[in-house]
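Listed here are the chains, written in short residue letters.
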Amino acid sequence: MVKQVFGQYIPTRIFFGNGEIKRMATEKLPGRKAMIVISSGTSMRKFGYLDKLTQALDAQKIPYVIYDKILPNPIREHVMEAATICREEGCDFIIGLGGGSSIDSAKSIAIMARNDGDYWDYISGGSGKAKPITKGVLPIIAIPTTAGTGTEADQWTVISNGEEKIGFGTDETFPTISIVDPELMVSVPPHLTAYQGFDALFHSVEGYLANIASPLSQMYSLKSIELIASNLTKAVKDGTDLEARANVALGSMLAGMVEATSCTISQHALEHAMSGLFPKLPHGAGLIIISEAYLSSFLNDVPERYKEMAQAMTGKRSDDPEDFIRALVQLQKDCGVYDLKFSDWGATEADFPRIVANARETMTMLFYLDPRPLSNPELINIFEKSFR
């Protein structure tokens, strides 16, 4: 039963649409000097996205510094280094430009630019010390160039410290402003478009299944599932299809709102452990690898929710919860990602107990949100069924 007592807090001002990056030249910004956080790759410069941003800042006479070391699975060391530079340069707001890794890093840098000690002092889970944030957080602007994490619409940031990959967030880590411009996403290659799109889909699916789901979060979930399921294949096959890109981007943004009002469940905990232990594994790819076996685990626990998600995916009434799994598998086949192999990233069957233990230790909370508790043997069995 959906909980009828719930709350919602999504304070971010969002501008959505093709060409909306131009608003950075006219919108009132939350500071006088920016730190721009981008990845260590070349795409932000190669495709002109960084130039669009810096030209807009120049138009407002806002000085900036650029931190460009962020990895696909961002790390604590870069958060700490960038926060030190931020303080030394006198930056008073942070702009995350790029994929979820850059925006998540921007959120974490915004914490450490104001607070003492080490970032892991504030992390709950694993070896984190769970200290309270006492000195506030710098304002954050999120400009995603991918459609996957939804971090532009939620408070969460995911950072790795060695083999620990842990999500964290507070009310203060919601972006102040988010600009979701699908024109900045056309350069994403097909396989990454698919990985990112499925990440967004699973945010909504897991949020819909979570035992803390609310009427609002489930509304966001079903619309997100519908948008992604009906447009992701088009975006994968033709990255210049702006209508498909925009619909997937909207689905991803709504999935971020799902994360802000509900939460993911233990599928995400398991994948954080997978890519924490095998950091070259893209997060979306890891989720895809275990998704069929994992999501089949709750078919008999909340069958009506599966039927509702199947209807959102297919547009057809469903009387069988298995319809959702069939639609999920078909979408993965259509996007060319159904046959991903965990072994291609170096994993072996001997790693399964270590992955489960890591997930339990670092992302404990997500296991409490599952429709029913999963035992360690069940989790191992999910990996055994998924392994290629």
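Residues numbered from 1 in each chain as written. Predicted model: local features only at pLDDT ≥ 70, side-chain atom pairs only at ≥ 80, totals over all residues. Heavy atoms only, no water.

Asks: Please give an account of the overall build of the chain that cites residues and values.
Replies: Within the chain, the regular secondary structure consists of 14 helices and eight strands. A compact globule built from 388 residues would reach a C-alpha radius of gyration of about 21 Å, and the chain, at 20 Å, matches this within 12%. Each of the three principal axes of the chain carries a C-alpha extent, and together these read 60 × 45 × 45 Å. Classification of the 388 residues of the chain by burial places 60% in the buried group. Across the chain, every contact between residues at least 6 apart in sequence was considered, and the portion connecting residues at least 24 apart equals 79%. On the chain, the mean spot of the 37 positive side-chain charges and the mean spot of the 47 negative ones are 3 Å from each other. (Helix = DSSP H or I, 4+ residues; strand = E, 2+ residues; numbered from the N terminus. Rg over C-alpha atoms; globule rule 2.2 N^0.38 Å. Buried < 20%, exposed > 50% of the residue type's maximum accessible area, 1.4 Å probe, protein only. Contact = heavy atoms within 4.5 Å. Lys, Arg positive; Asp, Glu negative; His and termini not counted. Charge placed at Lys NZ, Arg CZ, Asp CG, Glu CD.)

Asks: If you had to explain the packing of aromatic side chains to someone new, which residues and values would you point to?
Replies: Enumeration over the complete set of coordinates arrives at ten aromatic pairs. With 5.6 Å between their ring centres and 80° between their planes, Tyr294 and Phe298 make a pair best called edge-to-face. We classify Tyr294 as buried; its relative accessible area is 0%. Taken together, a centroid distance of 5.5 Å and an interplanar angle of 25° make the contact between Phe352 and Phe383 stacked. Here Phe352 is found in helix H12 (residues 352–362), whereas its partner Phe383 is found in helix H14 (residues 376–386), with 31 residues between them in sequence. Overall, the relative accessible area of 2% leaves Phe352 in the buried class. Exposure remark for Phe383: the relative accessible area of 1% places this residue in the buried category. In this structure an aromatic cluster arises from ring pairing among Tyr119, Trp120 and Phe168. Against the face of Tyr338 rests Lys333, its NZ or CZ located 5.2 Å from the ring centre. (Phe/Tyr/Trp six-rings, centres within 6.5 Å; stacked < 30°, edge-to-face > 60°. Lys NZ or Arg CZ within 6 Å of the ring centre and 35° of its normal.)

Asks: Describe empty space enclosed by the protein, listing the residues and the values that go with them.
Replies: Scanning the entire structure with this criterion turns up one cavity of 30 Å³ or more. Empty space within the largest cavity amounts to approximately 70 Å³. Taken together, Thr145, Thr146, Ala147, Met185, Val188, Thr193, Gln196, Gly197, Leu232, Arg245 and Val248 form the lining of the largest cavity. Those elements that provide at least two residues to the lining of the largest cavity are helix H5 (190–209) and helix H7 (242–261). Looking at the lining of the largest cavity element by element, the count peaks at three residues for H5. When the residues that make up the lining of the largest cavity are grouped by side-chain class, the tally is five nonpolar, five polar and one charged. (1 Å grid on protein atoms, 1.4 Å probe; cavity = no way out; pocket = protein on both sides within 12 Å on 5 of 7 lines; lining within 4 Å. Points joined across faces, edges and corners; volume = space filled by probe spheres on them. Nonpolar A, V, L, I, M, F, W, Y, C, P; charged D, E, K, R; others polar.)

Asks: Describe unusual backbone geometry, naming the residues involved and giving the relevant values.
Replies: Here the phi dihedral of Lys61 falls at roughly 55°; this positive angle occurs in a residue that is not glycine. Mapped onto the elements, Lys61 comes out in the loop between helix H2 (49–59) and strand S3 (64–70). Positive phi, close to 55°, is recorded for Ala130, a residue that is not glycine.

Asks: Let's hear about H7: which residues, and what values?
Replies: In this model, H7 (20 residues) spans 28 Å end to end at C-alpha, consistent with the 28 Å of a helix rising 1.5 Å per residue. Counting buried positions along H7 yields 16 of 20 residues, so the element is predominantly enclosed. Capping the start of H7, Asp241 holds a side-chain oxygen 3.2 Å from the backbone nitrogen of Glu243, two or three residues further along. (Expected span 1.5 Å × (residues − 1). Polar contact = N/O pair within 3.5 Å; in protein donor to acceptor, adjacent residues only side chain to side chain.)

Asks: So what's going on with the pairing of strand S7 (residues 164–168)? Residues and values would help.
Replies: Counting buried positions along S7 gives four out of five residues, so the element sits mostly inside the fold. Bridge analysis of strand S6 (residues 157–161) against S7 gives five bridges, and the strand direction is antiparallel. In the sheet register, Val158 faces S7, and the bridge partner there is Gly167. (Pairing = 2+ DSSP bridges.)

Asks: Can you tell me about the nonpolar core, naming the residues and giving the values?
Replies: In this structure, Met35, Ile94, Tyr119, Phe198, Leu295, Tyr306 and Phe324 are the most contacted members of the largest nonpolar core, which totals 109 residues. For this core, the element with the highest residue contribution is H5, accounting for nine residues. Apart from the residues lying within four places of it in its own chain, the contact partners of Tyr119 are Arg76, Val79, Met80, Ser108, Ile111, Met112, Thr157, Ile159 and Phe168. Formed by 22 residues, the second largest nonpolar core is a distinct cluster that contains Ile21, Met24, Leu29 and Ile141. (Core = buried A, V, L, I, M, F, W, Y, C linked by side-chain atoms within 4.5 Å.)

Asks: Quick rundown of the pattern of salt bridges? Include the residues and the values.
Replies: Close approach of charged atoms allows side chains of opposite charge to pair. Going through the model one piece at a time under the given rule, you end up with 22 salt bridges. Between Arg23 and Glu20 there is a salt bridge, and its shortest N-O distance comes to 2.5 Å. For Arg23, a relative accessible area of 29% corresponds to the partly exposed category. Residue class for Glu20 comes out buried when judged on its relative accessible area of 12%. Note that Asp92 is salt-bridged to Arg32, the shortest N-O span being 3.9 Å. (Salt bridge = Lys/Arg side-chain N within 4 Å of Asp/Glu carboxyl O.)

So far we have only geometry, and geometry alone does not tell us how the molecule works.
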